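# Tertiary structure, described
If you want the building blocks of each chain, they are given just below.
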Amino acid sequence: MTADEMKKQAAYAALEHIDTNGIVGVGTGSTVNHFIDALATIKHKIEGAVSSSIVSTQRLEAHGIQVFDLNSVGQIAIYVDGADESNHNLQLIKGGGGALTREKIIAAASDKFVCIADESKLVDILGTFPLPVEVVPMARSYVAREIVKMGGQPVYREGFITDNSNVILDVHGLEIMEPITLEKELNNIVGVVSNGLFAMRPADVLLLGSESGTKTVYAK
């Protein structure tokens, strides 16, 4: 079974967590694309979706799923999104696709966060996957210097602009032992919009596609 098939397996398993007649928060990325396709099979049972990116919005609307602005719906019952890495406390690194800020907003506004991924994404210590940091463009060099002081190796994601018109620094060389502390420290750097650590608001459940079927993981 390929990694993509495992992602698809986890995405379809997430349908079991969807409350009917409500609005579903939808993330961004290759695994979420499978989830959007899965959600289309029950679109008659939901009111619509709130989307974390332009790309996801386009895919949802192509399936005939109505997309609402978060400001018009308030609290969301469930948010479904992927991850680049997850530890056993379901603290995540996200943002490989660059939608981390909007993803973090919707996760914060949701009662339940279901993360979907293939089994390779579950790790003991976060940081092998470079940590994305969204930065106001004029602050890019300043923020990079501050991150170097913290022991990270920031790399500018050239040619990429977020949906919020900002830039991304991908931080390499981190072994993240205290995700909540690092998330706060990065957020406190002037010019940082948000970072890809989902530690203060982790996932509630992790669905991992695997050769032996979908595994359900809860935080330790």
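The following refers to the structure shown. (Residues numbered from 1 in each chain as written. Predicted model: local features only at pLDDT ≥ 70, side-chain atom pairs only at ≥ 80, totals over all residues. Heavy atoms only, no water.)

Before going further, it helps to examine the nonpolar core. In terms of nonpolar packing, the biggest core is built from 25 residues, with Ile-18, Val-26, Phe-35, Leu-39 and Ile-116 touching the most fellow members. If you list the elements that add at least two residues to this core, you get α1 (3–13), β1 (23–26), α2 (30–39), β4 (76–81), β7 (110–118) and β13 (205–209). Sequence-distant contacts of Ile-18, that is, excluding residues within four places in its chain, are made with Val-24, Phe-35, Ile-42, Ile-46, Ile-78 and Val-80. Grouped together as the second largest cluster of nonpolar side chains are 20 residues, Leu-126, Leu-131, Val-143 and Leu-169 included. (Core = buried A, V, L, I, M, F, W, Y, C linked by side-chain atoms within 4.5 Å. Buried < 20%, exposed > 50% of the residue type's maximum accessible area, 1.4 Å probe, protein only. Helix = DSSP H or I, 4+ residues; strand = E, 2+ residues; numbered from the N terminus. Contact = heavy atoms within 4.5 Å.)

Let us now look at the sheet that holds strand β12 (residues 197–198). The strand order β5-β6-β12 describes an open sheet built from 3 strands, whose pairing is antiparallel. At either margin of the open sheet sits one strand with a lone partner, and together these are β5 (85–86) and β12. One ladder, built from 2 bridges, connects strand β6 (residues 92–93) with β12; its direction is antiparallel. When the sheet's bridge partners are listed, Leu-92 is paired in β12 with Phe-198. (Pairing = 2+ DSSP bridges.)

The subject of this paragraph is the side chain of Asp-81. Relative to the assigned elements, Asp-81 resides in strand β4. Classification of Asp-81 by relative accessible area gives buried; the value is 0%.

Across the sheet, which stays open at both edges, the 4 strands sit in the order β9-β10-β8-β11 with antiparallel pairing between neighbours. The outermost strands of the open sheet, each flanked by one partner alone, are β9 (153–156) and β11 (192–195). The mean inter-strand angle of the sheet, taken between neighbouring strand axes irrespective of direction, is 30°. Bridge count between strand β8 (residues 131–135) and β11: 3 bridges; the pairing is antiparallel. (Axes fitted to C-alpha atoms, helices over the stretch in contact; angles between N-to-C directions.)

Tracing the backbone through its elements, the reader meets Glu-183 in helix α6 (residues 179–187). Relative accessible area serves as the criterion here: at 3%, Glu-183 is assigned to the buried category. The residues touching Glu-183, leaving out its near neighbours within four places in the chain, are Lys-104, Asn-195, Leu-197, Phe-198, Ala-199 and Met-200.

This part is about the packing of aromatic side chains. Taken as a whole, this structure holds 2 aromatic pairs when the rule is applied. Ring centres 5.1 Å apart and planes at 45° place the aromatic pair Tyr-79 and Phe-113 in the tilted group. With a gap of 34 residues between them, Tyr-79 in strand β4 and Phe-113 in strand β7 connect regions that are remote in the sequence. Each of the two residues, Tyr-79 as well as Phe-113, counts as buried. Through successive ring pairs, a cluster of aromatic residues spans Tyr-79, Phe-113 and Phe-198. A cation sits over an aromatic face here: Lys-104 above Phe-198, 5.1 Å from the ring centre. We note Arg-140 situated over the ring of Tyr-156; from NZ or CZ to the ring centre the distance is 4.0 Å. (Phe/Tyr/Trp six-rings, centres within 6.5 Å; stacked < 30°, edge-to-face > 60°. Lys NZ or Arg CZ within 6 Å of the ring centre and 35° of its normal.)

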